[in-house]
Amino acid sequence: LGKSLSPFFLNVLDYATMQPPPDIGGPLWAVYVCWLISLLAMYPLCRWFAGVKARRRDWWLSYL
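Residues numbered from 1 in each chain as written. Predicted model: local features only at pLDDT ≥ 70, side-chain atom pairs only at ≥ 80, totals over all residues. Heavy atoms only, no water.

K.L.:
With reference to specific residues and values, describe the overall build of the chain.
P.N.:
A count of helices and strands for the chain gives two helices and zero strands. Taken along the three principal axes of its C-alpha coordinates, the chain extends 50 × 30 × 15 Å. Scored against the burial criterion, the 64 residues of the chain give a buried share of 5%. (Helix = DSSP H or I, 4+ residues; strand = E, 2+ residues; numbered from the N terminus. Buried < 20%, exposed > 50% of the residue type's maximum accessible area, 1.4 Å probe, protein only.)

Put into structure tokens, the structure is as follows:
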């Protein structure tokens, strides 16, 4: 029913030298769920950082 996720949890050397299996991946709905979770996790951090940049005028903040 499902696919193996073991290729995603290999060390760098094993991952670089192996051929990916032909059925690697997941369903599109899983991509959307991961995207939504990361969006919801990053929004408060981005909002906080926008407030920091609005309150402070340090020269180095213009490079971030």
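K.L.:
Before we move on, could you go through the pattern of salt bridges and cite the residues and values that matter?
P.N.:
Per the counting criterion, the structure on display carries one salt bridge. D58 is the salt-bridge partner of R56, the closest N and O atoms lying 2.5 Å from each other. Taking relative accessible area as the criterion, D58 reaches 27% and is therefore assigned partly exposed. (Salt bridge = Lys/Arg side-chain N within 4 Å of Asp/Glu carboxyl O.)

K.L.:
Just give me the short version of the packing of aromatic side chains, but keep the residues and values in it.
P.N.:
With the rule as written, the count across this model stands at one aromatic pair. Note on W48 and F49: the rings are 6.4 Å apart at their centroids and 45° apart in plane angle, and the pair reads as tilted. Classification of W48 by relative accessible area gives exposed; the value is 52%. (Phe/Tyr/Trp six-rings, centres within 6.5 Å; stacked < 30°, edge-to-face > 60°.)

K.L.:
Could you give an account of a nonpolar patch on the surface, with specific residues and numbers?
P.N.:
On the surface, W35, L36, L39 and L40 cluster together into a nonpolar patch covering about 440 Å² of accessible area. Inspection of the secondary structure assignment puts W35 in helix α2 (residues 28-55). (Patch = residues over 30% accessible without salt bridge, like charges linked within 9 Å, V, L, I, M, F, W, Y side chains within 5 Å. Areas by Shrake-Rupley, 256 points an atom, 1.4 Å probe, with all protein chains shown as cover.)

K.L.:
Please set out the environment of R56 residue by residue, giving values where relevant.
P.N.:
In this fold, R56 is placed in the segment after α2. On the basis of relative accessible area, R56 is assigned to the partly exposed category, the value being 46%. For R56, the side chain forms a polar contact with the side chain of D58, separated by 2.5 Å. (Polar contact = N/O pair within 3.5 Å; in protein donor to acceptor, adjacent residues only side chain to side chain.)

K.L.:
I'd love a proper account of α2, names of residues and values included.
P.N.:
The end-to-end C-alpha distance of α2 is 40 Å, a good match for the 40 Å that 28 residues give at a rise of 1.5 Å each. Where α2 bends most, the angle comes to about 30°, and this point is M42, followed within four residues by the proline P44. (Expected span 1.5 Å × (residues − 1). Bend = angle between axes of the 7 residues up to and from the residue.)

K.L.:
Let's hear about the state of the cysteines: which residues, and what values?
P.N.:
Per the stated rule, a full pass over the model turns up zero disulfides. Summary of cysteine pairing: C46 is not part of a disulfide, and the nearest cysteine sulfur, belonging to C34, is at 18 Å. Overall, the relative accessible area of 45% leaves C46 in the partly exposed class. (Disulfide = S-S within 2.5 Å.)

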